[in-house]
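Descriptive analysis of the structure
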Amino acid sequence: MKLVTYRASVEGEARLGVIAGEFCVDVAALGAAFEVDLPNSMLGLIDAGRPGLETLAECLEECDGRFPLGAATALANVRLLAPIPRPRKNIFGIGLNYTEHVAESAATLDTNPDLPREPVVFSKPPTAVIGPNEPILHDRSMTQQLDWEVELAAIIGTRAHRVNRVDALSHVFGYSVMIDVSARDNRRAGQWIFSKGMDSYAPFGPCIVTADEIPDPQGLELWLTVNGVEKQRSNTSKMLFKVDELIADLSRGITLEPGDIIATGTPEGVGAGRVPQEWLWPGDVVVASVEGIGTIRHPVVDNTPAEA
């Protein structure tokens, strides 16, 4: 299933939806029509676990494309939000997780040229998240080196504490697309959170595809364009540390909880690695996509204070 958080009108409340063809079906309204309890938020559905997904699937099958009155809206007429508009805790970011990106980072960002022996982990705060078509904020008083990174995001569905690789993927609820926006000139004493964690630096969406539809996350094409020009294209098969390895490694010391998000790293082609280097500026449009999941589009807008 492709699950979304959406608004049916400008002033409408955020709702949980499931994509069915050209329609966005209101999950809670669908449940009410069948007299079963279904949640009205993505986190609520994640918390409901497998029984919640099974109940939703049964309702959709029963509909057979004929949805209860008022439960379905044309997808073209809804506004998609970030699938989880406000994560419960920081997003886990993974640095230097594609071989070629390790090389380009070492050449331009003074990172270690050797392949990491274990995952490089950083975080982004929940306030960094924005949904499809929302603007990436550019403050020229803060950065002159705003960069792009397309990534596969894995969303945790069940608590994971010291899990092994064999069981790791069973803890995944689903997958989405994330852009790891990075202010390269805001690394502070080698720390990345300010560089990567400012408001709007985690574009996320357009949906979460449930894990049953992506049994192997290590064979997905992913790509990114700026102003229609392709900058990144690769495949998740090229990850140094696969999704199951990342979950196993993180859960050794940090308990992963339902709704946690892991941004699994980016391939080569970032602006910092280009000759000459390229950066994002107001007026640019960034589009990122992962095979089987979808595409997100974000304009870059000026957010510089008037006094700067």
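Scroll up to find the structure.
Predicted model only: the values in this text are computed from it and were never measured.

Our focus in this paragraph is the overall build of the chain. Looking only at helices and strands, the chain has 6 helices and 19 strands in total. Taking 308 residues into account, the globule formula puts the C-alpha radius of gyration at 19 Å, and the chain, at 19 Å, falls close to it. With the C-alpha coordinates aligned to their principal axes, the bounding extent of the chain is approximately 60 × 50 × 30 Å. Scored against the burial criterion, the 308 residues of the chain give a buried share of 53%.

Time to look at the pairing of strand 19 (residues 294-302). As defined by bridge partners, strand 9 (residues 136-138) adjoins strand 19 across 3 bridges and the pair is classed as parallel. Pairing of Ile136 across the sheet is with Val300, part of strand 19. Pairing of strand 18 (residues 285-290) with strand 19, which is carried by 6 bridges, proceeds in the antiparallel orientation. Pairing of Val287 across the sheet is with Arg297, part of strand 19. Linking strand 18 back to strand 19 in an antiparallel pair, the connection comprises 3 residues, with Gly292 at a positive phi of about 80°.

Strand order in the open sheet formed by 5 strands is 9-19-18-15-16, and the pairing between neighbours is mixed. Each edge of the open sheet carries a strand with a single partner, namely strand 9 and strand 16 (229-235). Put simply, the sheet's adjacent strands are angled 15° from each other on average, direction ignored. As defined by bridge partners, strand 15 (residues 221-226) adjoins strand 16 across 6 bridges and the pair is classed as antiparallel. When the bridges of strand 16 are listed, Leu224 appears paired with Gln232.

In this section: the pattern of salt bridges. Tallied over the entire structure, the rule returns 17 salt bridges. With a shortest N-O distance of 3.4 Å, Lys196 and Glu149 are connected by a salt bridge. Pair noted here: Lys196 is in helix 5 (residues 193-197) and Glu149 is in the loop between strand 10 (146-147) and strand 11 (150-156), with a separation of 47 residues, a long-range link. With relative accessibility at 4%, the residue Lys196 sits in the buried group. Taking relative accessible area as the criterion, Glu149 reaches 3% and is therefore assigned buried. Its salt-bridge partner being Glu278, residue Lys231 comes within 2.8 Å of it at the nearest N-O pair. Placement of the pair is Lys231 in strand 16 and Glu278 in the loop between strand 17 (261-263) and strand 18, with a sequence separation of 47 residues. Owing to a relative accessible area of 15%, Lys231 belongs among the buried residues under this scheme.

The subject of this paragraph is the nonpolar core. The nonpolar side chains of a soluble globular protein tend to be buried with one another. Among the nonpolar cores identified, the biggest contains 49 residues, and Leu152, Tyr175, Leu224, Ile247, Leu256, Ile262 and Ile293 are the most heavily contacted of them. Not counting residues up to four positions away in its chain, the partners in contact with Leu224 are Trp148, Glu149, Val150, Ile179, Val229, Glu230, Lys231, Gln232, Val286, Val287 and Ala288. Counting 31 residues, the second largest nonpolar core, distinct from the first, contains Ile46, Ala128, Val129 and Ile261.

A few words now on the state of the cysteines. Scanning all chains against the criterion turns up 0 disulfides. A disulfide-free cysteine, Cys59 has its sulfur positioned 6.9 Å from the sulfur of Cys63, the nearest such atom. Classification of Cys59 by relative accessible area gives buried; the value is 5%.

Its place among the elements puts Gly44 in helix 2 (residues 42-63). Measuring from C-alpha to C-alpha, the distance between Gly44 and Leu16 comes to 9.2 Å, with 28 residues separating the pair along the chain.

In this section: the packing of aromatic side chains. Summed over all chains, the structure comprises 2 aromatic pairs. Above the ring of Phe194, the side-chain terminus of Arg188 is found at 3.9 Å from the ring centroid.

Definitions and cut-offs
Residues numbered from 1 in each chain as written. Predicted model: local features only at pLDDT ≥ 70, side-chain atom pairs only at ≥ 80, totals over all residues. Heavy atoms only, no water. Helix = DSSP H or I, 4+ residues; strand = E, 2+ residues; numbered from the N terminus. Rg over C-alpha atoms; globule rule 2.2 N^0.38 Å. Buried < 20%, exposed > 50% of the residue type's maximum accessible area, 1.4 Å probe, protein only. Pairing = 2+ DSSP bridges. Axes fitted to C-alpha atoms, helices over the stretch in contact; angles between N-to-C directions. Salt bridge = Lys/Arg side-chain N within 4 Å of Asp/Glu carboxyl O. Core = buried A, V, L, I, M, F, W, Y, C linked by side-chain atoms within 4.5 Å. Contact = heavy atoms within 4.5 Å. Disulfide = S-S within 2.5 Å. Phe/Tyr/Trp six-rings, centres within 6.5 Å; stacked < 30°, edge-to-face > 60°. Lys NZ or Arg CZ within 6 Å of the ring centre and 35° of its normal.

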